[in-house]
Amino acid sequence: MGRWETLLGILFIVVFVANSFLLPNFFDFYNLADSTFNFSEKALIALPMALLIICREIDISVSGILALSSVAMGLAHHYGMPAPGLLFVAIATGTACGFLNGFLVTRFALPSIVVTIGTASLFRGLSSVILGDQAFTGYPQLLVDWGQGYFFDVIPREFVVMLVFAVLFAVLLHATSWGRKIYAIGNNPVAARFSGIAVNRYRLALFMLTGAMAGLAGFLLTGRIGSTRPNIALGWELEIITMVILGGVSIAGGAGSIGGVLLAVLTLGMVTYGLALANIPGIIMTIVVGLLLLITIALPRLLRR
Amino acid sequence: MRWMKHREALLALLILVLIGVVGLRAPLFLSLSSMSNVLTDSTLLMMLALTQMLVIVTRGIDLSIASNLALSGMMTALLASKFPQLSVAVIILAALGIGLFLGLINGWLIGYLNLPPIVVTLGTMSVYRGLVFVLSGGAWVSSRQMPAAFIAFPLTHLWGISHLVWLAAIAVIVTWFIARYTHFGRDLYAIGNQPVAARYVGIAISQRLMWTYGLSGMMAGLCGYLWVARYAVAYTEIAYGFEFTVIAACVIGGISIAGGVGSVAGAVLGALFLSVINNALPIVKISPFWQSALTGIVILTAVVINARGNTKNGRQILSLQSLDPSARPLQSKERETV
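Residues numbered from 1 in each chain as written. Chains lettered and ligands numbered in written order. Predicted model: local features only at pLDDT ≥ 70, side-chain atom pairs only at ≥ 80, totals over all residues. Heavy atoms only, no water.

Further remarks concern the overall build of chain B. In terms of regular secondary structure, chain B is built from 15 helices and four strands. Across the 338 residues in chain B, those meeting the buried criterion constitute 54%. Restricting to contacts in chain B with at least 6 residues of sequence separation, those with at least 24 account for 77%. Summed over its atoms, the accessible surface of chain B is roughly 15500 Å², and 68% of this surface lies on carbon and sulfur atoms. (Helix = DSSP H or I, 4+ residues; strand = E, 2+ residues; numbered from the N terminus. Buried < 20%, exposed > 50% of the residue type's maximum accessible area, 1.4 Å probe, protein only. Contact = heavy atoms within 4.5 Å. Areas by Shrake-Rupley, 256 points an atom, 1.4 Å probe, with all protein chains shown as cover.)

Take a look at the structure:
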């Protein structure tokens, strides 16, 4: 583990200890477990987003993809698709959206930030075209089970799903040649290309992976809130990118780890939970997250001067 | 530079064609009052796109402008409701000052600490937006709490043209002059084209960047007051997501996100284009739900068109096949661009 992860680990412990001293009900196990609902879906998208950013790309359209996947599920459900099929629909829609992003980025050599700002508008726009001022509701029990359900009546299923994927992504990024190549591309795309890595194929695959994970998150979120509305997951892309950067992934590409991202997710989760217990409104959280982000990136620079 | 001008002429032509086509379906759209409506509607987007253009030219991006706008707008609204005797001129100066200060924070972090613009402005965007809530306590400042002169200013007419349009025109001229005729403006293009070379020729990059983000913030501050006064309400969610619309206008105007390329005409035309589309939709009876999807399609089309010719392939001297006999045929690899 690098220095950044150590710092994050210390920060996590500090937050945890501070919370348990300041807040009398902090160690209520059921509350603590329930607090994971707040970040599990975002974290699921943060994992592939970390890979994208390490690869020097970015995806602003993830919350648009999530919305469109949820709308596709709603449509499929409306036309009588059985519950397990909805998961397939969500992931397929997400993958297709990711393919469009990746295709535009790789085929026309466009900067991904511009492409995904465009597709973000497109995906969310299509959702609102299909939905109008309606909402899809009345989803089957299976979605509710996975969105709001628990394993052994205590551990939220979403959290377990997130942890499983975190392990999968960690193995993929840190223990396979596929992962090494992502770092190589992020460090120097031209050199990576000339050393025989099919750079564009990796980029396309990562965009599709991100889309698929956004689709999965859409499945879980739809089940958790039980409805699809046009403003579902609005503004999530920036929170997700914040998680990734706070996790030590360099926006310039080539550096970062899944462990760091997971630590950042858990730390932010603890901060949110603490603030919620202290009855501080959610929007104050955005100040805390913003300041955390600014301080963590500015502090090393200031100290080095 | 001739082909650049050509591209902007093309965009202008496209806007005229769009107006003409919509006018054929609904002649009402071409009336003077409707056209001046479109122009008034485009002003805030246009002003923000102008300074965002300068930022993007330096290879940067300012995601915090919509939050800055909301915070400046809320602060001026609160100021005006607490001290109704303040003149509009003082309010505007306050808005400019607040915006400038918020922008300079971005600029200092980016220019002097060398932090990536996207991360810095992502952070300040959250902070500024949160501060709007803290300042207002989550409450709305409604038209009843604001002085009449405060609300009336943006849409008051001077010589038949609203103040909003006058201000936008001044902003266009000032930005054009800065970008074209000042050392400051020319340096921004140098920084965007070749940061390393710019440093070697002695351009004070840190200082230039700081004031570029300062300008962007100052414009957001001014637009904050104008926005709040025009719609006669201030609340936490004001202009939520508007930063992406502004960047979209720049992208449509041919301003390259990779830096070094961009013109005032591009920013103005990009903003006009988006405003014409948004105003035309209800007139040709397309559901407003299509607005966002159409905007997305327009952005994507614009970037794809702009990208043609920008794809520089690295030259590969040794074929991959010659290095590794088991490699796939060269054809399929050659098509990949790095």
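This paragraph deals with the nonpolar core. If you look at the biggest cluster of nonpolar residues, it comprises 204 residues, and the most contacted ones within it are A:Ile113, B:Met53 and B:Tyr225. The greatest single-element share of this core, amounting to 13 residues, is contributed by helix H2 (residues 32-57) of chain B. When residues no more than four places from it in sequence are discounted, the contact partners of B:Tyr225 are B:Gly73, B:Thr76, B:Val88, B:Ile91, B:Ile92, B:Ala95, B:Phe150, B:Phe153 and B:Pro154. (Core = buried A, V, L, I, M, F, W, Y, C linked by side-chain atoms within 4.5 Å.)

Taking 1.5 Å of rise per residue, 20 residues should cover 28 Å, and helix H12 (residues 264-283) of chain B covers 29 Å from first to last C-alpha, within 8% of that figure. Just past H12(B), the residue B:Lys285 takes up positive phi, approximately 60 degrees. (Expected span 1.5 Å × (residues − 1).)

Cysteine pairs can be covalently joined through their sulfur atoms, and such a bond is termed a disulfide. For the structure shown, the criterion picks out zero disulfides over all chains. Take B:Cys223: it sits in no disulfide, and the sulfur closest to it among the cysteines is that of B:Cys250, at 13 Å. (Disulfide = S-S within 2.5 Å.)

All right, on to the environment of B:Gly107 then. All names here are of chain B. Inspection of the secondary structure puts Gly107 in helix H4 (residues 88-111). Classification of Gly107 by relative accessible area gives buried; the value is 0%. For the pair Gly107 and Gly253, spaced 146 residues apart in sequence, the C-alpha to C-alpha distance is 24 Å.

This part covers the pattern of salt bridges. Residues and elements named next belong to chain A. Enumeration according to the criterion identifies six salt bridges over all chains in this entry. Arg224 is the salt-bridge partner of Glu158, the closest N and O atoms lying 3.9 Å from each other. One end of the pair, Glu158, is in helix H8 (residues 157-175); the other, Arg224, is in helix H11 (residues 199-225), with 66 residues separating them in the sequence. A relative accessible area of 1% means that Glu158 is categorised as buried. (Salt bridge = Lys/Arg side-chain N within 4 Å of Asp/Glu carboxyl O.)

Quick look at helix H3 (residues 37-54) of chain A now. All names here are of chain A. The end-to-end C-alpha distance of H3 is 27 Å, a good match for the 26 Å that 18 residues give at a rise of 1.5 Å each. Approximately 30 degrees is the largest bend angle found in H3, and it occurs at Ala43. Arg56, located one to two residues past H3, shows a positive phi value of around 70 degrees. (Bend = angle between axes of the 7 residues up to and from the residue.)

What follows concerns the interface of chain B and chain A. Interfaces are often sized by the amount of accessible area the parts lose when they come together. Contacts between the two partners involve 51 residues from chain B and, on the opposite side, 55 residues from chain A. Taken together, both faces of the contact between chain B and chain A bury some 4500 Å²; the carbon and sulfur share is 77%. Counting across the interface, chain B meets chain A through zero salt bridges. In this structure, the connection of chain B to chain A is made through five residue pairs in polar contact (both at pLDDT 80 or more). Looking at the side of chain B that touches chain A, the elements with two or more residues in it are H4, helix H5 (117-136), helix H11 (242-252), helix H13 (290-307) and helix H15 (330-334) of chain B. Among the elements that take part in the side of chain B that touches chain A, H5(B) stands out by supplying 14 residues, more than any other. For the side of chain B that touches chain A, the class distribution of residues is 32 nonpolar, 13 polar and six charged. (Buried area = accessible area lost by both parts, 1.4 Å probe. Polar contact = N/O pair within 3.5 Å; in protein donor to acceptor, adjacent residues only side chain to side chain. Nonpolar A, V, L, I, M, F, W, Y, C, P; charged D, E, K, R; others polar.)

Turning to the side chain of B:Ser42, a few remarks are in order. Assignment of secondary structure puts B:Ser42 in helix H2. Residues in contact with B:Ser42, not counting those within four places in the same chain, are B:Ala271, B:Leu272 and B:Ser275.

Any residue range with low pLDDT should be treated as having predicted coordinates unsuitable for detailed reading. Residue and element names in this part refer to chain B. Averaged over every residue, the pLDDT of chain B is 82; the share at 70 or more is 89%. Of the regions scoring below 50 in pLDDT, residues 327-338 engages in 29 contacts with residues more than four places distant in sequence or in other chains. Per the prediction output, this complex has pTM 0.84; the corresponding ipTM is 0.83. (pLDDT = per-residue confidence, 0-100.)

All right, on to a nonpolar patch on the surface then. Taken together, the side chains of A:Leu291, A:Ile295, A:Leu299, A:Leu302, A:Leu303, B:Trp108 and B:Tyr112 define a hydrophobic patch exposed on the protein surface, amounting to about 650 Å² of accessible area. Broken down by element, the residue count for the nonpolar patch peaks at five residues, all from helix H14 (residues 282-304) of chain A. Examined against the element boundaries, A:Ile295 turns out to sit in helix H14. (Patch = residues over 30% accessible without salt bridge, like charges linked within 9 Å, V, L, I, M, F, W, Y side chains within 5 Å.)

For the rest of this paragraph, the subject is the packing of H3(A) against helix H13 (residues 258-277) of chain A. Residue and element names in this part refer to chain A. Running from N to C, H3 and H13 point in directions that differ by 155 degrees, and their axes come no closer than 10 Å. The pairing of H3 with H13 is recorded here as roughly antiparallel in orientation. The chirality of how H3 crosses H13 is right-handed. The residues of H13 that touch H3, namely those facing Phe39, Ala43, Ala46, Leu47, Ala50 and Leu51, are Ile258, Val261, Val265, Leu266 and Gly269. (Axes fitted to C-alpha atoms, helices over the stretch in contact; angles between N-to-C directions. Parallel < 35°, antiparallel > 145°, perpendicular 65-115°, else oblique. Left-handed = near helix turned anticlockwise from the far one by under 90°.)

A few words now on the packing of aromatic side chains. Tallied over the entire structure, the rule returns eleven aromatic pairs over all chains. Here A:Phe103 and A:Phe108 contribute two aromatic rings whose centre-to-centre distance is 6.3 Å and whose plane-to-plane angle is 85 degrees, an arrangement assigned as edge-to-face. On the basis of an interplanar angle of 80 degrees and a centroid distance of 5.1 Å, the ring pair of B:Trp227 and B:Phe242 is categorised as edge-to-face. Residue B:Trp227 is located in helix H10 (residues 205-231), and its partner B:Phe242 is located in helix H11; the two are separated by 15 residues in the primary sequence. When its relative accessible area of 16% is taken as the criterion, B:Phe242 is described as buried. The structure contains a cluster of three or more aromatic residues connected by ring pairs, namely A:Phe99, A:Phe103 and A:Phe108. Of note, B:Arg180 hangs over the ring of B:Tyr181, and the distance from its end group to the ring centre comes to 5.6 Å. (Phe/Tyr/Trp six-rings, centres within 6.5 Å; stacked < 30°, edge-to-face > 60°. Lys NZ or Arg CZ within 6 Å of the ring centre and 35° of its normal.)

Turning next to unusual backbone geometry. Positive phi is not limited to glycine here, since A:Arg56 has a value of about 70 degrees. Along the polypeptide, A:Arg56 turns up in the loop between H3 and helix H4 (62-78). Residue classification places A:Arg56 among the partly exposed positions, given a relative accessible area of 40%. At B:Ala239, a position not held by glycine, the phi torsion is positive, near 55 degrees. In this fold, B:Ala239 is placed in the loop between strand S4 (233-234) and H11.

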